[in-house]
Amino acid sequence: IGGGRDRLRIAIQKSGRLAEPARALLTACGLSWRESRDRLFCYGESLPIDLLLVRDDDIPGLIRDGVCDLGVVGRNVLVEQDIALTRTGAGPAFAELRALGFGACRLDIAVPDTWDWQGPPQLAGLRIATSYPAILQRWLDDQGIEAGVVELSGSVEIAPKLGQAEVICDLVSSGATLAANQLRPATTLLQSEAVLAGPAHAFDDARGALAELLLRRLDGVLRMRNSKLLMFQAARDDVPALLPLLPDAESPTVMRLDGDDGLALQALCHGAVTWQRLEELKRAGARGLMVVPVEGMLA
Ligand code: ATP
Ligand code: MG
């Protein structure tokens, strides 16, 4: 793989939690690729934007070494490696360009579920097992706590059972893994999700324009993914009570119904349209509520 300066190369996870959503997101941005036989490199066809399929832990290093220009990686991995590199005195190595809205999880301290959790000072003098030693150590320093950091590359949740540590610091999404190991979340060190990462400095060649184009498309796709068209009818008198329930909506279109003094309303909502919200609208007088996904949008 040569180091072409007129093509953009994005590292994504080859397989795992972020692999499929990362590709789907880039596909939604209009990218398409021809896959190589080894399935490690995908050559960009619609645009000169190629993919390199790798292990997620390798992504920050590939960006730093200039092998890849951008990467889709969990914030947890990016921040961990950024702290570790910054400590060597090189200054911040990476920039988080966009949060991508998938792969959400937290980096939590988890304690045995029999414990009466009193707060961080309780960790003093204990051993904490983690795959994120840099983030953990920075947090301990910020809290002024001295504790042992036991670095493990996997299966952190069984460390207390094996007597390697008293508590752990690990990624949590549902909490089911913790519960299965008689642990429970005590405090959160980092809220994570998949992010688009790049180098700390802007590109000074053709890649700059390509990255800009990709970011603009990405913003459109991310905005659209969260957008829903909400349609309903209501009596004129109920409208003042209904509008405050749509704080995330662009100014709604209001139409008069033919042969009726009711109104039909259409609002593009940029936040989550949950069942609860629909029920609130209904209680406030909305009738015939309909939620329509948005396929395309050009502002
Ligand atoms: P690889 O083979 O690429 O090294 P991996 O096993 O390290 O894969 P995955 O388990 O696929 O990685 O997780 C990738 C990312 O998904 C994590 O770094 C994290 O950002 C995110 N994620 C979301 N929910 C969870 C979770 N419950 N546990 C672990 N990671 C999660
Ligand atoms: Mg990994």
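Residues numbered from 1 in each chain as written. Chains lettered and ligands numbered in written order. Predicted model: local features only at pLDDT ≥ 70, side-chain atom pairs only at ≥ 80, totals over all residues. Heavy atoms only, no water.

(A) Fine view of the overall build of the protein chain. Helix and strand counts for the protein chain stand at nine helices and 16 strands. A principal-axis box enclosing the C-alpha atoms of the protein chain has dimensions of 75 × 55 × 35 Å. Among the 299 residues that make up the protein chain, the fraction classed as buried is 43%. Counting contacts in the protein chain only where the partners sit at least 6 residues apart, residues at least 24 apart contribute 67% of the total. Put simply, the protein chain shows about 15,800 Å² of open surface, and 51% of that area lies on carbon and sulfur atoms. With 31 positive and 39 negative side-chain charges, the protein chain shows a separation of 4 Å between the mean positions of the two kinds. (Helix = DSSP H or I, 4+ residues; strand = E, 2+ residues; numbered from the N terminus. Buried < 20%, exposed > 50% of the residue type's maximum accessible area, 1.4 Å probe, protein only. Contact = heavy atoms within 4.5 Å. Areas by Shrake-Rupley, 256 points an atom, 1.4 Å probe, with all protein chains shown as cover. Lys, Arg positive; Asp, Glu negative; His and termini not counted. Charge placed at Lys NZ, Arg CZ, Asp CG, Glu CD.)

(B) The site of ligand 1, seen in detail. Among the 16 residues in the neighbourhood of ligand 1, the closest are listed as Arg55, Asp56, Asp57, Asn76 and Ser173. Between ligand 1 and aspartate 57, the relevant distance is 2.8 Å, taken from an oxygen atom to a side-chain nitrogen or oxygen of the residue. Note that an oxygen atom of ligand 1 is positioned 2.6 Å from one of the side-chain N or O atoms of asparagine 76. For ligand 1, whose unbound accessible area comes to 630 Å², protein coverage reaches 76%. Here ligand 1 occupies the largest pocket. Its residues placed into classes, the shell around ligand 1 shows five nonpolar, seven polar and four charged. Inspection of the shell around ligand 1 shows a minimum of three residues originating in each of domain 1 (8-102 + 194-224) and domain 2 (105-192). (Near = heavy atom within 4 Å. Polar contact = N/O pair within 3.5 Å; in protein donor to acceptor, adjacent residues only side chain to side chain. 1 Å grid on protein atoms, 1.4 Å probe; cavity = no way out; pocket = protein on both sides within 12 Å on 5 of 7 lines; lining within 4 Å. Sits in = over half its atoms within 2 Å of the grid points. Nonpolar A, V, L, I, M, F, W, Y, C, P; charged D, E, K, R; others polar. Domains from an automatic or database assignment.)

(C) Focus on the domain arrangement of the protein chain. By domain assignment, the protein chain separates into domain 1 (8-102 + 194-224), domain 2 (105-192) and domain 3 (227-293). When each unit is reduced to the centre of its C-alpha atoms, the spacing between domain 1 and domain 3 is 39 Å.

(D) View of the coordination of the magnesium ion (ligand 2). Around the magnesium ion (ligand 2), the protein contributes the donor atoms Asp56 (OD) and Asp57 (OD), which lie 2.1 Å from the metal centre. In this structure aspartate 57 comes out as partly exposed when scored by relative accessible area, which is 37%. (Donors = N, O, S within 2.8 Å, 3.2 Å for Na, K, Ca; no water.)

(E) Up close: the nonpolar core. Within the largest apolar cluster, 36 residues are counted, with the highest numbers of intra-cluster contacts made by Ile109, Leu123, Ile128 and Leu136. Domain assignment of the residues forming this core places at least three in each of domain 1 (8-102 + 194-224) and domain 2 (105-192). Apart from the residues lying within four places of it in its own chain, the contact partners of leucine 123 are Ile109, Trp117, Ile128, Trp139, Ile145, Glu146, Ala147 and Val167. Of all hydrophobic cores here, the second largest spans 28 residues; its members include Ile12, Ala22, Leu53 and Val72. (Core = buried A, V, L, I, M, F, W, Y, C linked by side-chain atoms within 4.5 Å.)

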